[in-house]
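Here's the letter readout for the chains.
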Amino acid sequence: MRFGIMFFASATGDAHETYRTMLDAARLADDGGLAAVWTPERHFDTFGGVFPNPALTSAALATVTSRMQLRAGSLISPLHHTVRIAEDWSVVDNLSGGRAAVSFGAGWNTNDFVLGPDSYADRRAVMLEQLDTVRSLWRGAAVELPNGAGRPTAVRLHPRPVQPELPVWLTSSGSVRTFADAGALGVNVLTHLIGQDLDQLAEKIDVYRKARAEHGHRAEDGIVSLMLHTHLDEDAGTAVARSRTPFREYLRSAVGLERQAAGGGGTISGGLSLPDEDIPDDLIEELLDVTYERYLHQGSLIGSPDSCAAMVERLTATGVDEVACLIDFGLPADGILAGIGPLCALAARHG
C-alpha cells in the first residue's frame, strides 16, 4: 500500500495561510517518503475554491519537494483548452524533473461551467477526447487546429516534457462505467467512498482489472487510488477528538456546495439530486453526527498508526493500491502538520 497526501480545504480565512500549510505539509511528506501530493480543481466557493488550478499549485509544490509525484486530483478538463492543459503540465513536469501526473475529471458542478458552458452537456465525452489528445501531444505528436485566420495549423507541445508518458488517472464518483473506461484506456483510477462502500468498490475494481486485460493492458499494473479523510496521532483518542468538530463543519460546507450546484440547475456530485424542501436544522446536526461516525469507522484513517492498521489491511483486501490522504478538512495548520509524522509511520509500516 502506498500513501500520498491530498488537499481540498474549505477555506473561509486567509488563502495565503492555506497555501503555506500546503507547502509545509508537502515538505514533511516528501521527507517522510510518501508517494504523492494531490491538489484539486474547484471554483467559486469556499469549499475547495482556494484550489482553482492544480497546475499552479503543483508548480509551487515542485519548488519544495524532490521525490513525490505531483498530481492533479482532479483536473476538470472540459473547462479548458486541450493544448493549454498539455502545455501547463509539461511545464510542471520540467519544473519537477519528471514528476507530473493528472487525474482527469468530467466535472459535475454546473456553476463551474461558466468557464466552458458549451462543454457541459457532453462533458464526459469531451473529457475522454481531451485525455487522448493530451497523451498524443505528450508523446510528441502534432495536433491540427485552426489558427486565428481559420487555417489548419499543426501544433506540437513546447516545452517537451521530461517523462515520455504522462501518468494518467480517471476520477470516478462511483460509476462502474468509469472504472471500465479507465481499464480499457490503460490508465489509473481515483475514487472515494461517497456513495459506495468497500464491498461495492471491490466489485468495481474487478471490472477495472478485467477491462485492462481485455484491452491488452497488464491487469496488475493499473493503480487504484482511494481518497480518504485522514488525521493521525500517536494516540488514537487524541486524533478522534481533534478531528470531530472540524470534520463536521467540513461536511456542512460540502452540503452547502451541493445545494448551490443543484440550485444552478444541475445535479450534485455522482449525478445524484437533492430534495427541493429545506432540511430542518436539528436534522442537519443529527445527519452530521451520523455521517462523521460512519466515516470514522468505515471510511477514513482517523486514529493512530496502530488503530488504523486494520483499515489499511481491509483496503488491501479490497484491491486498493494507494490512499490519497485528505488531510486539510478544517483542522488548524498545526494540527495538519502534526499528523504528517504518524502518517509517514503508517506508510512505512504498510509499504
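Residues numbered from 1 in each chain as written. Predicted model: local features only at pLDDT ≥ 70, side-chain atom pairs only at ≥ 80, totals over all residues. Heavy atoms only, no water.

A look at the overall build of the protein
And step 1. The secondary structure content of the protein amounts to 11 helices and 11 strands.
And step 2. Looking at the protein residue by residue over its 351 residues, the buried ones come to 52%.
And step 3. A sequence separation of at least 24 residues applies to 74% of the contacts in the protein between residues at least 6 apart.
And step 4. Here the protein displays about 15,200 Å² of accessible surface, and carbon together with sulfur accounts for 52% of that area. (Helix = DSSP H or I, 4+ residues; strand = E, 2+ residues; numbered from the N terminus. Buried < 20%, exposed > 50% of the residue type's maximum accessible area, 1.4 Å probe, protein only. Contact = heavy atoms within 4.5 Å. Areas by Shrake-Rupley, 256 points an atom, 1.4 Å probe, with all protein chains shown as cover.)

Focus on the pairing of strand β6 (residues 152-155)
And step 1. Summarising the sheet, strand β5 (residues 143-146) and β6 pair through 4 bridges and their orientation is antiparallel. The residue of β6 that forms the bridge with Val143 is Val155.
And step 2. Connecting β5 to the antiparallel partner β6 that follows it, the hairpin turn spans 5 residues, and Gly150 within it adopts a positive phi of roughly 85°. (Pairing = 2+ DSSP bridges.)

Structural notes on helix α4 (residues 123-138)
And step 1. Given a rise of 1.5 Å per residue, 16 residues ought to cover 22 Å, and the 22 Å separating the end C-alpha atoms of α4 matches this to within 8%.
And step 2. Every buried residue belonging to α4 is among Arg123, Met127, Gln130, Leu131, Thr133, Val134, Arg135, Leu137 and Trp138, and all of these are buried.
And step 3. Immediately downstream of α4, the backbone of Gly140 shows phi near 110°, a positive value. (Expected span 1.5 Å × (residues − 1).)

What to know about the environment of Ala184
And step 1. Its location among the elements puts Ala184 in helix α5 (residues 176-185).
And step 2. Ala184 gets classed as partly exposed once you look at its relative accessible area, which sits at 25%.
And step 3. In this structure, Ala184 is in contact with Ala211, His215 and His217, ignoring residues within four places of it in sequence.

Section: the packing of aromatic side chains
And step 1. A complete count under the given rule lists 5 aromatic pairs for this structure.
And step 2. Aromatic pair Phe113 and Tyr120: ring centres 5.0 Å apart, planes at 70°, arrangement edge-to-face. One exposure class covers both Phe113 and Tyr120, and it is buried.
And step 3. Summarising the aromatic geometry, the rings of Phe247 and Phe329 are spaced 5.0 Å apart at their centres and angled 40° between planes, so their arrangement reads as tilted. (Phe/Tyr/Trp six-rings, centres within 6.5 Å; stacked < 30°, edge-to-face > 60°.)

What to know about the confidence of the model for the protein
And step 1. Per-residue confidence for the protein averages 90 on the pLDDT scale, and 89% of its residues sit at or above 70.
And step 2. Predicted confidence for residues 256-274 stays below pLDDT 50, and this span has 36 contacts to residues more than four positions away or in other chains. (pLDDT = per-residue confidence, 0-100.)

A look at the pattern of salt bridges
Proximity of charged atoms lets side chains of opposite charge pair with each other.
And step 1. Tallied over the full model, the rule gives 16 salt bridges.
And step 2. Across the pair Arg20 and Glu17 runs a salt bridge, and its minimum N-O distance is 2.7 Å. Note that Arg20 and Glu17 are positioned in helix α1 (residues 15-31) at a spacing of 3 residues, about one turn of the helix.
And step 3. Overall, Arg20 belongs to the partly exposed group, its relative accessible area being 43%.
And step 4. The closest approach of N and O atoms between Asp233 and Arg242, which form a salt bridge, is 3.3 Å.
And step 5. Relative accessible area serves as the criterion here: at 15%, Asp233 is assigned to the buried category.
And step 6. One network of salt bridges, with partners in common, ties together Arg2, Arg71 and Glu322. (Salt bridge = Lys/Arg side-chain N within 4 Å of Asp/Glu carboxyl O.)

Brief notes about unusual backbone geometry
And step 1. Omega for the peptide link from Gly73 to Ser74 comes to 15°, which places this bond in the cis form.
And step 2. Its location among the elements puts Ser74 in strand β3 (residues 69-76).
And step 3. A cis amide bond, omega 0°, links His158 with the succeeding residue Pro159.
And step 4. Checked against the element boundaries, Pro159 lands in the loop between β6 and β7 (168-171).

Brief notes about the environment of Leu198
And step 1. For Leu198, the location among the structural elements is in helix α6 (residues 198-214).
And step 2. The sequence separation of Leu198 and Gln298 amounts to 100 residues, and the corresponding C-alpha distance is 8.6 Å.
And step 3. Ignoring anything within four residues of it in the chain, the contact list for Leu198 reads Leu193, Leu226, Met311, Arg314, Leu315 and Thr318.

Some remarks on the packing of α6 against helix α9 (residues 309-318)
And step 1. Relative to each other, α6 and α9 sit at 35°, their axes nearing to 9 Å. Between α6 and α9, the contacting residues are Leu198, Asp199, Leu201, Ala202 and Ile205 on the first element and Met311, Arg314, Leu315 and Thr318 on the second.
And step 2. Considering only residue class, the contact of α6 with α9 consists of 6 nonpolar, 1 polar and 2 charged. (Axes fitted to C-alpha atoms, helices over the stretch in contact; angles between N-to-C directions. Nonpolar A, V, L, I, M, F, W, Y, C, P; charged D, E, K, R; others polar.)

A look at the nonpolar core
And step 1. One finds Phe3, Ile5, Leu34, Trp89, Phe104, Leu301 and Leu315 to be the most contacted residues of the largest nonpolar core, which totals 90 residues.
And step 2. Excluding anything up to four places from it in sequence, Phe104 contacts Leu75, Ser77, Met127, Leu131, Val134, Val168, Trp169, Leu170 and Thr171. (Core = buried A, V, L, I, M, F, W, Y, C linked by side-chain atoms within 4.5 Å.)

Side note on the packing of helix α2 (residues 54-62) against helix α3 (residues 82-96)
And step 1. In the contact formed by α2 and α3, the axes pass within 9 Å of each other and the chain directions differ by 10°. It follows that α2 is roughly parallel to α3 by the angle criterion. Along the contact surface, α2 presents Pro54, Ala55, Ser58, Ala59 and Ala62, while α3 presents Asp88, Trp89, Val92, Leu95 and Ser96.
And step 2. The residue inventory of the contact of α2 with α3, partitioned by class, reads 7 nonpolar, 2 polar and 1 charged. (Parallel < 35°, antiparallel > 145°, perpendicular 65-115°, else oblique.)

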